[in-house]
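# Results of the structural survey
So the chains spell out like this:
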Amino acid sequence: MSESVITCTDLTKRFGDFLAVNHISFDVKKGEIFGFLGANGAGKTTAMRMLCGLSYPTSGKAVIAGYDVYTQQEDIKRNIGYMSQKFSLYEDLTVLENIEFYGGVYGMDRKTIRTRSHALVQKLGLLPEAKKLVGALPLGWKQKLAFSVAVFHEPKIVFLDEPTGGVDPVTRRQFWDMIYEASAGGITVFVTTHYMDEAEYCNRISVMVDGRIEALDTPGNLKKHLDAVTMEDVFYQLARGAGRSGDQ
Amino acid sequence: MKQLLVFIRKEFYHVFRDRRTLLIMFGLPVVQIILFGFALSSEVKNIRLGISDNAEDVNSRQIISKIRSSDYFIVSEKKIGYGELEAEFRKGNMTAALIFPNSFGNDLLHSGTAPVQIITDGSDPNIAKTVVNYLTNIIQAYQAENFGRAAGYQVVPEIRMLYNEEGNGSLNFIPGVMALILMIVCTALTSVSIVKEKELGTMEVLLVSPFKPIWVLIAKAIPYLVLSILNFTVILLMAVFVLGVEVRGNVPLLFFESILFIITCLSLGLLISNATNSQQTALLLSLMVMMLPTIIFTGFMMPLENMPVPFQVISNIVPAKWYYNIIKSVMLKGLGFEYVWKETLVLGGMTVFLLTIALKKFKTTL
């Protein structure tokens, strides 16, 4: 039984009268690819922000990478990576400059940054583009680069917030190859997505509806339990009765 | 600390790769100084003056030659009657007229008073008043020279323009330009830079990283601090070498006060960046909220003393007003710190206040 890198018990976030996240409990194992699904407004983003150390929970417990979410936020931040929807790269900096910047931000020393960044650029096949501005790269390259930058400092967990928006299916498939590789290397991947086919790629998924977790299992089991053929059906059945919609 | 340096280096990359902004940053002061220094002058010169000398005696000739030798007038002499005067004005041939009656010389000698008529184009009251003043001064100077002793004791005002003997109209605006440029560059560009991170989504990533939020602000402010000091130096050098302004005061003091003001503007930029997530709004806010009050309330375009009292009170909130006064005192009047410590204190207090609010709001908006 592999260790848990994320453990949440009754995690809650309240904004005034509004319960954005309503006593969710789950845990994520090391090296797992964990899909965090839910309709808009279900509370996904709020929950993820708490796990990243971006906001304090109202109540409940959470331990991320072995650190407590209330008292050790700085340690959490040092051990996680993050890739935002907008890819979090600076368009007017070169490929190398972006990598070096984030490496520096995570406290890596110059030599490590230099060796690793060259290796990374070669692996991505971006050697000829290394000194070009990121803004000049096509979207698919940017996406792969963004992911690589997010795991550059070899964090324990990487959080991906809808990382494949606007990218064609072939590139998405390649992107998921990178995710598999990271997972095989021991990095836990926590990913949110709207693409139901991507949900199939995950080891386990959870579906949030109106602030609560309505389902948590492997894709196969979920389909079996709900008598569904595709993950889309699973999602429809769970999210259909939702009271909330749209981003709050 | 190493993280901070990495961040500052990135910020410098951003600044230098944004050609347009650089152009505005450094081009603006140069353009303004040239405009104000050479093209726009509040001095009135080259006034077309039509003189009708109906007396043609020694006195009138002497007065006329004095007028001709001054820089202010382009003189044309015509013998025109009253009726044609209006036509000449309307045609635009002259903006002012001086008429000596034919009894001028005799009146002066025998009755002690000799009227002359000065007619000006009142449609521009400023110019009209100035013309009247110039002519009156010249005539009175003539009178004082030649007839003064006969009138016994006479108070002859000796006019001196302190700190500006040549009556150089350009001096006043240089501190104003400094204040304006620093205000625009620091406030607008800093706030836009911070908001850009928010817009791009990179701010999120920074917040998730072990990078402390306050260092984001510091790192963003530093390139603009450095560039503004550079800018200030350029303006100073231009003022001295291109416009011939003499810097009378203590130069290090000048730099110290300017750096203080730059930090004030940077704090303002931080505050504005907290208020919005859109670069456009940040820019608009900075320009509208900062630039307009700076122009109006510092008093460098329009004297503060002319404004209604409520406006004068409001002007105390505008940091640029205090900086403007300090610069005038130090640079143009050559005063030392003993004279400006009060204004410095006010500026310093404003800075601390703004910074505190900006930092507090920054923490909570995340």
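Basis of the calculations
- Residues numbered from 1 in each chain as written.
- Chains lettered and ligands numbered in written order.
- Predicted model: local features only at pLDDT ≥ 70, side-chain atom pairs only at ≥ 80, totals over all residues.
- Helix = DSSP H or I, 4+ residues; strand = E, 2+ residues; numbered from the N terminus.
- Rg over C-alpha atoms; globule rule 2.2 N^0.38 Å.
- Buried ≥ 20, exposed ≤ 12 C-beta atoms within 10 Å, placed from the backbone.
- Contact = placed C-beta atoms within 7 Å.
- Expected span 1.5 Å × (residues − 1).
- Arc of directions from axis to C-beta.
- Pairing = 2+ DSSP bridges.
- Axes fitted to C-alpha atoms, helices over the stretch in contact; angles between N-to-C directions.
- Nonpolar A, V, L, I, M, F, W, Y, C, P; charged D, E, K, R; others polar.
- Core = buried A, V, L, I, M, F, W, Y, C linked by C-beta atoms within 7 Å.
- Domains from an automatic or database assignment.

### Quick notes on the overall build of chain A
On a plain count of helices and strands, chain A comes out with nine helices and 10 strands. Computed over C-alpha atoms, the radius of gyration of chain A comes to 18 Å, within 12% of the 18 Å expected from 2.2 N^0.38 for 248 residues, which places it in the range of a compact globule. Looking at the 248 residues of chain A, the share that counts as buried comes to 45%. Long-range contacts, defined as pairs at least 24 residues apart, comprise 71% of the intrachain contacts of chain A with a sequence gap of at least 6.

### Comments concerning helix α6 (residues 169-184) of chain A
All names here are of chain A. With 16 residues, α6 extends 22 Å between its outermost C-alpha atoms, agreeing within 8% with the 22 Å of an ideal straight helix rising 1.5 Å per residue. Residues R172, F175, I179 and A182 constitute the buried set of α6. Each buried residue of α6 sits inside an arc of 70° when the element is viewed along its axis, so together they form one side. Looking at α6, the residues exposed on the side facing more than 90 degrees away from the buried face are V170, D177, E181 and A184. Here the buried face of α6 lies against β3 (33-38), α5 (139-150), β7 (157-161) and β8 (188-192).

### Things to note about helix α7 (residues 173-200) of chain B
Residue and element names in this part refer to chain B. Between its first and last C-alpha, α7 extends 39 Å over 28 residues, near the 40 Å set by a 1.5 Å rise per residue. Most of α7 sits out of view: 23 of its 28 residues are buried. Of the residues one or two after α7, G201 is the one with positive phi, at around 95°.

### Side note on the sheet that holds strand β5 (residues 67-68) of chain A
All names here are of chain A. Spatially, the four strands line up as an open sheet ordered β2-β1-β4-β5, and their pairing is antiparallel. The open sheet has two edge strands, β2 (18-29) and β5, and neither has a second partner. Bridge analysis of strand β4 (residues 59-64) against β5 gives two bridges, and the strand direction is antiparallel. Bridge pairing links I64 to Y67 in β5. Contacting β1 (4-15), β2 and β4, helix α1 (residues 44-51) runs over the sheet at an angle of about 120° to β1.

### Some thoughts on the interface of chain B and chain A
With 18 residues of chain B in contact, the opposing surface of chain A contributes 21 residues. Counting only elements with at least two residues in the side of chain B that touches chain A, the list comes to α1 (2-17) and α8 (202-208) of chain B. It is α1 of chain B that provides the largest number of residues to the side of chain B that touches chain A, a total of seven residues. When grouped by side-chain class, the residues that make up the side of chain B that touches chain A number nine nonpolar, five polar and four charged.

### Considering the nonpolar core
Of all hydrophobic cores here, the largest spans 81 residues; its most connected members are L51, V158, F159, V189 and F190 of chain A. By residue number, the principal contributor to this core is helix α3 (residues 95-105) of chain A, which donates six residues. Those residues in contact with F159 of chain A that lie beyond four places of it in its chain are M48, L51, C52, I80, Y82 and F190 of chain A. Core analysis: the second largest hydrophobic core is formed by 53 residues, M178, I235, L332 and V340 of chain B among them.

### A closer look at the pairing of β7 of chain A
Residues and elements named next belong to chain A. Among the five residues of β7, five are classified as buried, and the element is accordingly described as predominantly covered. Of the two faces of β7, the one lined by I157, F159 and D161 and the one lined by V158 and L160 are each fully buried. Bridge analysis of strand β6 (residues 80-83) against β7 gives four bridges, and the strand direction is parallel. Residue pairing for β7: G81 is matched across the bridge by V158.

### Section: the environment of G201 of chain B
When you line up the elements, G201 of chain B lands in the loop between α7 and α8. Residue classification places G201 of chain B among the partly exposed residues on the basis of 16 C-beta atoms within 10 Å.

### Some remarks on the domain arrangement of chain B
For chain B, the domain assignment lists domain 1 (2-40 + 167-364) and domain 2 (47-151). Look at where the C-alpha atoms of domain 1 of chain B and domain 2 of chain B centre, and you get two points 49 Å apart.

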